[in-house]
Amino acid sequence: MEKQEYERFRDSIGTVTSEGKRSWVYPKKPEGILYKYRKWVSYILLIILVVSPFIKIKGNQFLMFNVLERRFNLFGNIFWPQDFYLFVLMMLIGVVFIVLFTVAFGRIFCGWICPQTIFMEMVFRRIEYWIEGDRGKQIRLDKQEWNAEKIRKKGLKWFIFFIISFLIANVFLAYLIGSDRLLLYIKDGPLAHISTLISLLIFTGVFYFVFAWFREQVCIIACPYGRLQGVLLDNKSIVVAYDHKRGEKEKGRAKFKKKEDREASGKGDCIDCFQCVQVCPTGIDIRNGTQLECVNCTACIDACNKMMDAVDLPRGLIRYASEENIEKKKKFRFTPRIKGYAAVLFILVSVLSGMLFLRSEVEANILRLPGQLYEHKENNIISNVYTYKLINKTSKDFEEVQFKLLSHNGDINTVKGHTILVPANGLAEGTLFIKINRAALEEEKDKLKIAIYSGDRLIETTGTTFLGPRSYK
Ligand code: SF4
Ligand code: SF4
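Residues numbered from 1 in each chain as written. Chains lettered and ligands numbered in written order. Predicted model: local features only at pLDDT ≥ 70, side-chain atom pairs only at ≥ 80, totals over all residues. Heavy atoms only, no water.

**Considerations on the sheet that holds strand β4 (residues 71–74)**
Thought 1: Pairing in this open sheet of three strands is antiparallel, and the strands run β3-β4-β5 from one edge to the other. Lying at the two open borders of the sheet, with one neighbouring strand each, are β3 (63–66) and β5 (77–79). Across the sheet, the mean angle from the axis of one strand to that of its neighbour is 25°, orientation sign disregarded.
Thought 2: In the sheet, β3 pairs with β4 via four bridges, with the strands oriented antiparallel. (Pairing = 2+ DSSP bridges. Helix = DSSP H or I, 4+ residues; strand = E, 2+ residues; numbered from the N terminus. Axes fitted to C-alpha atoms, helices over the stretch in contact; angles between N-to-C directions.)

Here is the structure:
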């Protein structure tokens, strides 16, 4: 079917020319109440992002994602690879939460919370405004010859961008390898840890590339969440939307003329000033309707409200609203879809809370040595050999750790013959023997229950199997 003219904007991306080249976006500096709120939200989030790897709770880093050593800290709690199922559950909760939020409130996460938008719009873009000036001055500077002014401004901007990218890369590394190790490496000097320095420079290069050049393309092309938007939104989702009923009316949008009776003229309230387009960091015209590129940053709401004030028309021509609200004046309501996602989220959070509550301080694994059968000893004793692994998930040492057999009468002896120390956030492993009188054995392969004590305190119970000769009863 032939596409309508007004639908043509969907055939291309505003930031790519018809020849396939990059069309650079020069957004006008936003101003207004929503931008002010966004600034405050971004200050708080930036502080949290930067200080989180340097905060310690009970000696543990507040947040750490050490993928290389497979150690993760969440809110000061250490998670080991053995806790992977908890991580998967947390990821699932994160995904369902974002889906629920998107169904109800569109891509609000992108405009207000996403680190990419916060760094781009609230750090790098503001430095650009400070050095090169607002939209018009930036366009002029880019068009002009490379003279002293352009070299000075561009050089200063790129240098500051590099320094900030380097700082972000350091924070990123603090999340990855831990802040203690990062500070130690800084103290030792960069040349003492060449491989880390190379990683740091690669991260710096990636951040510099993203914020100095790739910019809004991350949200438009690279981010999978942006792509998901199309299937998550419906006509009841609240998004940044242009009220086309009010903006167009019977005669459509038109420039504002002094002293005209806009109401009587039949023209829409949109005065076609293009302020909403010029301020948009993804280079789109929100008047075309909800688009994949819109990150819900609200800059166009502020810009349009300012124009409405100037021509004495009511604010809110662009506002947070659903299609249903604009078309039928219907208010926000909880749809079955939202209720369904909320129920799934509630179930997942309940399961996770239960699992976290039941999570033991020590993880114990006692496994029979592969390929080993039982051994006959004196006085009718059968012996099996095992390896043990004890993981301490807390920040305190467990001293004088010993094993006791709960299910059978028998002895457990470690090879070294003394009690074990399981260090804080560490592990202890070794070999042990379990000896049971053959008369106490029920089957060829008995199930054993073993308690692990630190001094007199029971810290974990675990199970294993014990091999013996065929039925003795
Ligand atoms: S259309 Fe408006 S809300 Fe969407 S990205 Fe552009 S300025 Fe931000
Ligand atoms: S800022 Fe408002 S009035 Fe101006 S073009 Fe955009 S929608 Fe129309």
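After that view, the rundown keeps rolling.
**Considering the site of ligand 1**
Thought 1: In the vicinity of ligand 1, the contacting residues are V240, C280, P281, T282, I284, I286, C294, V295, N296, C297, T298 and C300.
Thought 2: Of the residues belonging to the shell around ligand 1, the class tally is nine nonpolar, three polar and no charged. (Near = heavy atom within 4 Å. Nonpolar A, V, L, I, M, F, W, Y, C, P; charged D, E, K, R; others polar.)

**Details of the nonpolar core**
Thought 1: Counting 28 residues, the largest nonpolar core has C300, L317 and I318 as its most contacted members.
Thought 2: Of all elements in the fold, only α3 (108–112), β6 (239–242) and α14 (299–310) reach the threshold of two or more residues within this core.
Thought 3: It is α14 that contributes the most residues to this core, six residues altogether.
Thought 4: If we ignore the near neighbours within four places in the chain, the residues touching L317 are A241, Y242, D243, R246, G247, D269, C270, C304 and M308.
Thought 5: In this structure, L46, A169, L200 and V218 belong to the second largest nonpolar core, which totals 25 residues. (Core = buried A, V, L, I, M, F, W, Y, C linked by side-chain atoms within 4.5 Å. Buried < 20%, exposed > 50% of the residue type's maximum accessible area, 1.4 Å probe, protein only. Contact = heavy atoms within 4.5 Å.)

**Points about the packing of aromatic side chains**
Thought 1: Across all of its chains, the model carries 22 aromatic pairs by this definition.
Thought 2: Measuring from centroid to centroid gives 5.9 Å for F119 and F211, while their planes differ by 55°, and the two rings are tilted. With F119 in helix α4 (residues 115–132) and F211 in helix α8 (residues 194–214), the pair connects residues that are 92 residues apart, well separated along the chain.
Thought 3: Overall, F119 belongs to the buried group, its relative accessible area being 11%.
Thought 4: Every member of this aromatic cluster is reached through a ring pair, and the members are F119, F124, F161, F172, F203, F207 and F211.
Thought 5: If you follow R22 out to its NZ or CZ, it ends over the ring of W213, 4.8 Å from the centre.
Thought 6: Cation over ring: R359 sits above F79, and NZ or CZ is 4.5 Å from the ring centre. (Phe/Tyr/Trp six-rings, centres within 6.5 Å; stacked < 30°, edge-to-face > 60°. Lys NZ or Arg CZ within 6 Å of the ring centre and 35° of its normal.)

**So, the site of ligand 2**
Thought 1: Near ligand 2 you find Y242, C270, I271, D272, C273, F274, C276, R287, C304, M308 and I318, and these make up its full shell.
Thought 2: Partitioned by chemical class, the residues of the shell around ligand 2 number nine nonpolar, no polar and two charged.

**As for a nonpolar patch on the surface**
Thought 1: A contiguous nonpolar surface patch, about 360 Å² in accessible area, is contributed by I47, V50, V51, I55 and I57.
Thought 2: If you tally residues by element for the nonpolar patch, the top one is helix α1 (residues 33–51), at three residues.
Thought 3: With respect to the helices and strands, the residue V51 is situated in helix α1.
Thought 4: V51 gets classed as partly exposed once you look at its relative accessible area, which sits at 34%. (Patch = residues over 30% accessible without salt bridge, like charges linked within 9 Å, V, L, I, M, F, W, Y side chains within 5 Å. Areas by Shrake-Rupley, 256 points an atom, 1.4 Å probe, with all protein chains shown as cover. Salt bridge = Lys/Arg side-chain N within 4 Å of Asp/Glu carboxyl O.)

**What to know about the environment of R333**
Thought 1: Relative to the assigned elements, R333 resides in the loop between α15 (323–328) and α16 (336–358).
Thought 2: The exposure class of R333 is partly exposed, given its relative accessible area of 39%.
Thought 3: Through-space distance from the C-alpha of R333 to that of A104 is 9.1 Å; in sequence the pair is 229 residues apart.
Thought 4: Once you skip the residues sitting within four places of it in the chain, R333 turns out to touch K236, E324 and I338.

**Remarks on the sheet that holds strand β16 (residues 457–467)**
Thought 1: With respect to topology, four strands assemble into an open sheet ordered β13-β11-β15-β16, the strand pairing being antiparallel. Of all the strands in the sheet, just β13 (420–422) and β16 have a single pairing partner and so form its edges. In this sheet, adjacent strand axes meet at a mean angle of 35° when their direction is disregarded.
Thought 2: Here strand β15 (residues 445–454) runs beside β16; their pairing, made up of ten bridges, is antiparallel. Counted as the bridge partner of Y453 is L458 from β16.

**Regarding the side chain of T394**
Thought 1: Mapped onto the fold, T394 is located in the loop between β10 (381–392) and β11 (398–405).
Thought 2: Within the local environment of T394, its side chain forms a polar contact with the backbone oxygen of K396, the two atoms lying 3.2 Å apart. (Polar contact = N/O pair within 3.5 Å; in protein donor to acceptor, adjacent residues only side chain to side chain.)

**Section: the pairing of β11**
Thought 1: In terms of strand pairing, β11 meets β13 through two bridges, oriented antiparallel. Following the sheet pairing, F398 is matched in β13 by V422.
Thought 2: By the bridge criterion, five bridges tie β11 to β15 in an arrangement that is antiparallel. By the bridge assignment, Q402 is partnered in β15 with Y453.

**Observations regarding α16**
The periodicity of an α-helix, 3.6 residues per turn, causes residues three or four positions apart to be oriented the same way.
Thought 1: In this model, α16 (23 residues) spans 33 Å end to end at C-alpha, consistent with the 33 Å of a helix rising 1.5 Å per residue.
Thought 2: Turning to α16, its buried residues number three or more, namely I338, L345, L348 and L352.
Thought 3: Next to the buried residues of α16 lie α2 (84–105). (Expected span 1.5 Å × (residues − 1).)

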